[in-house]
Amino acid sequence: MERRQFLKNVALTAGSLAFFNQKSFSKWMNDPAYQFRPLRNGVGMFAEQGGTIAWMINKGGIVVVDAEYPDPALHLIAELKKQSDLPFEWLINTHHHGDHTSGNISFKGIVKNVAAHENSLANQKAVAIKNKTEDKQLYPDTTFNDKWKIKVGDERITAHYFGTGHTNGDAMIHFEHANVVHTGDLVFNRRYPFVDRSAGASVQNWAVALEKAQKKFDKDTLFVFGHAFDPQKVTGTMDDLKAMQNFMEKLEDYVASSIKAGKSKDEILKATSIPGITDWQGDGIQRGITAAYEELTV
């Protein structure tokens, strides 16, 4: 019931009322299974199952960032088609994980191009080969390294790679005119993160990447996070990036100081919180501790 009320509260803003036609608005109000809402200047967000999606509609067409899983992706596509009959120009993946790219396949034959960091494509292919799911993939046909930029209608969209973090292929996607950034999984807002060492993740550099992001964007930037402990807080501000950076630094400090004190891995893993961190929640604290321990003891 809390989520249903949240969605209704969101819908009652003037911006949301102006965005939806009466028919789609009524249906959306009665379907609390997912969030689909505008943010700024034609850019909005979608969340149902997996990593949060950002989308954009303007006179140049439709752009989507991340794709969750096949069924949620179809729900998103249907909602976007209700708002515009313009073509889907780009699907951009923030990184390769299945809760962000499994839904790519739902865009096959619909979207003109798919983009991702070059390491994200390599990781996606490696995982698909390992899991024998190559037939269920829609791979990026466009890749980039440190920076990539396109223009769709009056919106400039820039992808920024700040180095290894959650994986070795994480990009933040900036809708510059709207000043909205999809962080991908470089931000788990107040939720213990997954650190994918098998895909080149780095606890130490994750904090560095977030510091670089804070220098690139500004105090007015609105961020869409890959995940959040509270589903109502999948968007936020620069303060949330700073909080995530602080978490990663405190995680590294805790594990490094414990190793220096002679504690065993099992002893370190008994932690139920990270010293100095009071607002991170959820399952999976041991995943980050394990990743940090492995990184620091190589």
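Note: the structure precedes this text.
The present account deals with the structure reproduced in this document. In this text the structure is predicted, and so the values were computed from the model without any measurement.

On to the packing of aromatic side chains. Per the counting criterion, the structure on display carries 9 aromatic pairs. A ring pair is formed by Phe88 and Phe107, whose centres lie 6.1 Å apart and whose planes are at 65°; its orientation type is edge-to-face. Here Phe88, found in strand S5 (residues 88-92), pairs with Phe107, found in the loop between helix H5 (98-101) and strand S6 (111-117); they are 19 residues apart in sequence, far enough to count as distant. In this structure Phe88 comes out as buried when scored by relative accessible area, which is 3%. The exposure class assigned to Phe107 is buried, which follows from its relative accessible area of 1%. With 5.0 Å between their ring centres and 70° between their planes, Trp90 and Trp148 make a pair best called edge-to-face. Taken together, the residues span a long stretch of sequence, with Trp90 in strand S5 and Trp148 in strand S8 (residues 147-152) at a distance of 58 residues.

This part takes up the pattern of salt bridges. Inspection of every chain in the model, using the stated rule, returns 8 salt bridges. The partner of Glu89 in a salt bridge is Lys112, with the nearest N and O atoms 3.2 Å apart. Of this pair, Glu89 sits in strand S5 while Lys112 sits in strand S6, and the two are 23 residues apart along the sequence. What makes Glu89 buried here is its relative accessible area of 16%. Two residues, Glu294 and Arg197, come together in a salt bridge whose shortest N-O distance is 3.4 Å. Within this pair, whereas Glu294 is found in helix H10 (residues 285-296), its partner Arg197 is found in the loop between strand S11 (180-189) and helix H7 (203-216), the two being separated by 97 residues in sequence. Counted as one network, the salt bridges with shared partners bring together Lys149, Arg156 and Glu176.

About the thresholds
Residues numbered from 1 in each chain as written. Predicted model: local features only at pLDDT ≥ 70, side-chain atom pairs only at ≥ 80, totals over all residues. Heavy atoms only, no water. Phe/Tyr/Trp six-rings, centres within 6.5 Å; stacked < 30°, edge-to-face > 60°. Helix = DSSP H or I, 4+ residues; strand = E, 2+ residues; numbered from the N terminus. Buried < 20%, exposed > 50% of the residue type's maximum accessible area, 1.4 Å probe, protein only. Salt bridge = Lys/Arg side-chain N within 4 Å of Asp/Glu carboxyl O.

On their own, these measurements won't tell you what the molecule is for.
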